[in-house]
Amino acid sequence: MHVLWLVSMVLPQAARACGLAAASDVSGGWLTGQLTALRGRPGLRLTVACVSPRQRRALCGTLDGVQYHILPQAGALGPLLDETEPDLAHLWGTEYAAAAALQQAAAARRLPLLVGIQGVMRDCAAHLCGGVPAACLHSTPLDRLLDSLIPGALLDKAQADFDALARSEAALLGQARYVTGRTGFDRRAVTELAPEARYFPCNETLRPLFYTGTLWNARDFGSAPVLLLPQGNYPLKNLHTLLRALPAVLRRWPDAVLRIAGWPPVDKGPLLRPVLDRLFPYQRYCRRLARELGVAEHVRYTGPLDAAAMRQAYLDADVFVLPSQSENSPNSLGEAMLLGLPCVASCTGGIPDMLQSGAEGLLYGKPLDAEALAQSLCAVLAAPDGGAALGQAARTRALHTHDPAANAETLAAIYKTILQEGAP
């Protein structure tokens, strides 16, 4: 059984196989984990195609029995299918241009295609800018001129991009015959967008580093607990609501720190600051909000973190917080749970399918409810055991949900079932 994967990023394994420098595991962890679990499986041969417009020419290499292709454009997918002759193609994600190209190429060759849901783009688009002031949502002609010269993060431009991705996702799913997902949330979306498709549940396998080694332990943090947010540079991740919740935490723990994984807002000094403020309205809004709330000195950015550094960031935190306005099955939540770190998250999308509130962590209701978020954070931090019981229960759940062997067995069985049904 020969399966070709299409992924939307250059995986670390692909970079190494093709001789590229600076391979990174900052992103794509679920792909790395599932690939590690599947490779070398008897009777299964894997080819992985990564489309990267940054590459000027096609690259190919083999590592650990898996063949990798890095393609500069989606138009190369048809010839690649002819060259490699897979029995089945597996599309990881629906929300990028190469996804439709693979679907078309597979249909032209009567090649069975399994579509894997990552996020649900229509929900992401619907909630992208929730809670952000209207003044931040509309760019001026000057803003757009500056953006054409120095690409920024204009929110109306981002909204248009997300809306386009949602339309592309709907068009692709409307033609899908086989779909795989992980939550009741994405299954409901598939039922509406791909009513003729057969849905296969299969959980994700996370980065191997999170299954072994030191686990999280509660510590005596005194007046300085550490809150960890995995991403905060666009409004869907809802940093602005967490900033509004922070004063209530600081009233009880005046030296609390909010650590945000990733790059801080761009700042090139006072001369360029007015220009960058125009180009990055969400970052401008969050900076102003933090100053107005008196919490700016309690916010720290870590810079990009690879798997080892992100693992340590979880271990150094006292509570993991995920206030996102839309999520399907967030990998950061799964990683935190695997390490036993107590978690607070919004009760949205597929998150309730991953974590039982009150037993394995705390979920609060509406993502924009800062008071409810603050109450949940304070409840975990004030617990006599520091949230250790919640974290241990979360780890037990995550070890089942993200079991590499079980998930590899499930995915291989899905491939076999599709091939037994024959080509479309």
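First, a word on scope: everything that follows refers to the structure included in this document. If you're wondering where the values come from, they're calculated on a predicted model, not measured in any experiment.

Right, let's talk about the packing of helix α9 (residues 239-252) against helix α11 (residues 281-293) for a bit. Running from N to C, α9 and α11 point in directions that differ by 5°, and their axes come no closer than 10 Å. Our classification of the angle between α9 and α11 gives roughly parallel. Contact residues: α9 offers Leu239, His240, Leu243, Arg244 and Pro247, while α11 offers Tyr282, Tyr285, Cys286, Leu289, Ala290 and Leu293. For the contact of α9 with α11, the per-class residue count stands at nine nonpolar, one polar and one charged.

Further remarks concern the sheet that holds strand β9 (residues 226-229). If you walk across this open sheet you meet the six strands as β11-β10-β9-β12-β13-β14, and the pairing is parallel. Each edge of the sheet is formed by a strand with only one pairing partner; in this case those strands are β11 (299-301) and β14 (362-364). Neighbour-to-neighbour, the strand axes of this sheet turn through a mean angle of 25°, independent of strand direction. Its contacts with the sheet place helix α12 (residues 307-316) against β9, β10 (257-260) and β12 (319-322), and it is angled at close to 140° to β9.

Glancing now at the pairing of strand β3 (residues 59-63). The two faces of the sheet receive side chains in turn, since in a regular strand these alternate between them. Where β3 and strand β4 (residues 66-71) come together, five bridges link them in antiparallel fashion. Within the sheet, the bridge partner assigned to threonine 62 lies in β4 and is glutamine 67. From the end of β3 to the start of β4, which pair antiparallel, there are two residues, and aspartate 64 there has a positive phi angle of about 55°.

So, on to the packing of aromatic side chains. Evaluated as defined, the whole model comprises six aromatic pairs. Between the aromatic rings of phenylalanine 210 and tyrosine 314, the centroid separation amounts to 5.8 Å while the plane-to-plane angle is 80°, which identifies the pairing as edge-to-face. Within this pair, whereas phenylalanine 210 is found in the loop between β8 (198-201) and β9, its partner tyrosine 314 is found in helix α12, the two being separated by 104 residues in sequence. Each member of the pair, phenylalanine 210 as well as tyrosine 314, carries the same accessibility label: buried. Three or more aromatic residues joined by ring pairs form one cluster here, namely Phe210, Tyr314 and Phe320.

Cut-offs used in this document
- Residues numbered from 1 in each chain as written.
- Predicted model: local features only at pLDDT ≥ 70, side-chain atom pairs only at ≥ 80, totals over all residues.
- Heavy atoms only, no water.
- Axes fitted to C-alpha atoms, helices over the stretch in contact; angles between N-to-C directions.
- Helix = DSSP H or I, 4+ residues; strand = E, 2+ residues; numbered from the N terminus.
- Parallel < 35°, antiparallel > 145°, perpendicular 65-115°, else oblique.
- Contact = heavy atoms within 4.5 Å.
- Nonpolar A, V, L, I, M, F, W, Y, C, P; charged D, E, K, R; others polar.
- Pairing = 2+ DSSP bridges.
- Phe/Tyr/Trp six-rings, centres within 6.5 Å; stacked < 30°, edge-to-face > 60°.
- Buried < 20%, exposed > 50% of the residue type's maximum accessible area, 1.4 Å probe, protein only.

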